[in-house]
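# Fold and geometry: a report
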Amino acid sequence: MDDRTKFIKWYVRPFNRLKRIKNGDGAFIILSTGIFLCERYYRIKSNCIRKDDLPDKFYKVAAKDLKVDLDVFERFWGIFRHGMQHRGQPQKWFKEWTRTRSRKTPKRYGWSIDNDYSAVPTMCKINGKKTICINPHKFTHLMLCKFLQRPDYLGKSVRHQFGNISPRPTDCICE
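Note that this is a predicted model, so its numbers are computed, not measured. (Residues numbered from 1 in each chain as written. Predicted model: local features only at pLDDT ≥ 70, side-chain atom pairs only at ≥ 80, totals over all residues. Heavy atoms only, no water.)

## A word on the sheet that holds strand β5 (residues 129-134)
Taken in spatial order, the three strands of this open sheet run β3-β5-β4, and their pairing is mixed. Both edges of this open sheet fall to β3 (110-113) and β4 (122-126), since each of them pairs with a single strand only. The average undirected angle you get between the axes of adjacent strands in this sheet is 40°. Here β4 pairs with β5 via five bridges, running antiparallel. When the bridges of β5 are listed, Ile126 appears paired with Lys129. The strands touched by helix α4 (residues 70-87) within the sheet are β3, β4 and β5, with β5 carrying the most contacts at an inclination of about 80°. (Pairing = 2+ DSSP bridges. Helix = DSSP H or I, 4+ residues; strand = E, 2+ residues; numbered from the N terminus. Axes fitted to C-alpha atoms, helices over the stretch in contact; angles between N-to-C directions. Contact = heavy atoms within 4.5 Å.)

Pasting the structure below:
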């Protein structure tokens with residue numbers, strides 16, 4: 001089975017099923033999928049595939065391609081990616097450099113997901129609070145399309161290539 005077929009089987013079909021769940025109840029799983037596809041895509045595009053590559057180049061390439069302000073993308077990544085992929089929930093704090101100190105201090109941001117938001121992260125003010133907003137369905141659809149338009153990217157990840165689908169070995173013993 002080629003990488004494109006696996007990609008459709010493992011990502012596109014589940015996305016299409018999850019988005020049919022009423023009241024947006026599949027939105028967090030959809031967004032989490034979009035986030036890890038975003039990381040995979042832009043790490044390949046920016047050639048920042050290794051674990052020890054600094055994220056600055058990755059952030060710049062992603063922000064430019066998505067036509068998002070770099071600061072907004074970095075906050076989105078800190079709030080949504082780190083929160084969703086590490087804790088299953090966007091986080092409220094983002095550590096950023098302050099002009100008066102040479103260290104990072106936590107700043108509080110809101111987050112919001114809604115069907116009316118854009119496919120890319122935007123900074124809004126909701127009840128006077130800076131809030132990062134995104135539409136999970138549109139964002140993940142965008143990331144799925146990016147891979148489908150660049151099928152050569154599917155096999156480019158050096159450390160995390162797609163696995164093979166094989167029948168279960170007959171001599172497999174699970175304890």
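## As for the environment of Phe28
You can see Phe28 is positioned in helix α2 (residues 27-45). Here Phe28 falls in the partly exposed class, since its relative accessible area comes to 26%. Distance from Phe28 to Leu18, taken between C-alpha atoms, is 10.0 Å for residues ten residues apart in sequence. Once residues within four sequence positions are removed from consideration, Phe28 is found in contact with Met84, Gly88, Gln89, Pro90, Trp111 and Ile113. (Buried < 20%, exposed > 50% of the residue type's maximum accessible area, 1.4 Å probe, protein only.)

## Observations concerning the pattern of salt bridges
The final tally for this structure, using the stated rule, is seven salt bridges. The shortest N-O distance in the salt bridge between Asp3 and Lys6 comes to 4.0 Å. Taken as a pair, Asp3 and Lys6 lie in helix α1 (residues 3-18) at a separation of three residues, close to a single helical turn. What makes Lys6 buried here is its relative accessible area of 3%. (Salt bridge = Lys/Arg side-chain N within 4 Å of Asp/Glu carboxyl O.)

## Here we look at the nonpolar core
If you look at the biggest cluster of nonpolar residues, it comprises 37 residues, and the most contacted ones within it are Phe73 and Phe76. Residue assignment for this core shows that the elements contributing at least two residues are α1, α2, α3 (55-66), α4, β5 and α5 (136-149). Beyond its immediate stretch of four places on either side in the chain, Phe76 contacts Ile35, Arg81, Pro121, Ile132, Ile134 and Phe139. (Core = buried A, V, L, I, M, F, W, Y, C linked by side-chain atoms within 4.5 Å.)

## A closer look at the packing of aromatic side chains
Considering all chains together, one arrives at 17 aromatic pairs under this definition. Their ring planes at 45° and their centres at 5.4 Å tell us that Phe7 and Phe147 sit as a pair that is tilted. Within this pair, whereas Phe7 is found in helix α1, its partner Phe147 is found in helix α5, the two being separated by 140 residues in sequence. For the pair shown, Phe7 and Phe147 are each scored as buried. (Phe/Tyr/Trp six-rings, centres within 6.5 Å; stacked < 30°, edge-to-face > 60°.)

## Concerning unusual backbone geometry
Positive phi values are uncommon outside glycine, yet Asn23 reaches one of about 65°. Assignment of secondary structure puts Asn23 in the loop between α1 and α2. Judged by relative accessible area, Asn23 falls into the exposed class, the value being 74%. A positive phi angle is found at Asn47, which is not glycine, with a value near 60°. Residue placement: Asn47 occurs in the loop between α2 and α3.

## Considering α1
Taking 1.5 Å as the rise per residue, α1 with 16 residues should run 22 Å; its terminal C-alpha atoms sit 22 Å apart, in good agreement. At Lys9, α1 is deflected by roughly 35°, the largest bend along its length. Of the surrounding elements, those touching the buried residues of α1 are α2 and α5. (Expected span 1.5 Å × (residues − 1). Bend = angle between axes of the 7 residues up to and from the residue.)

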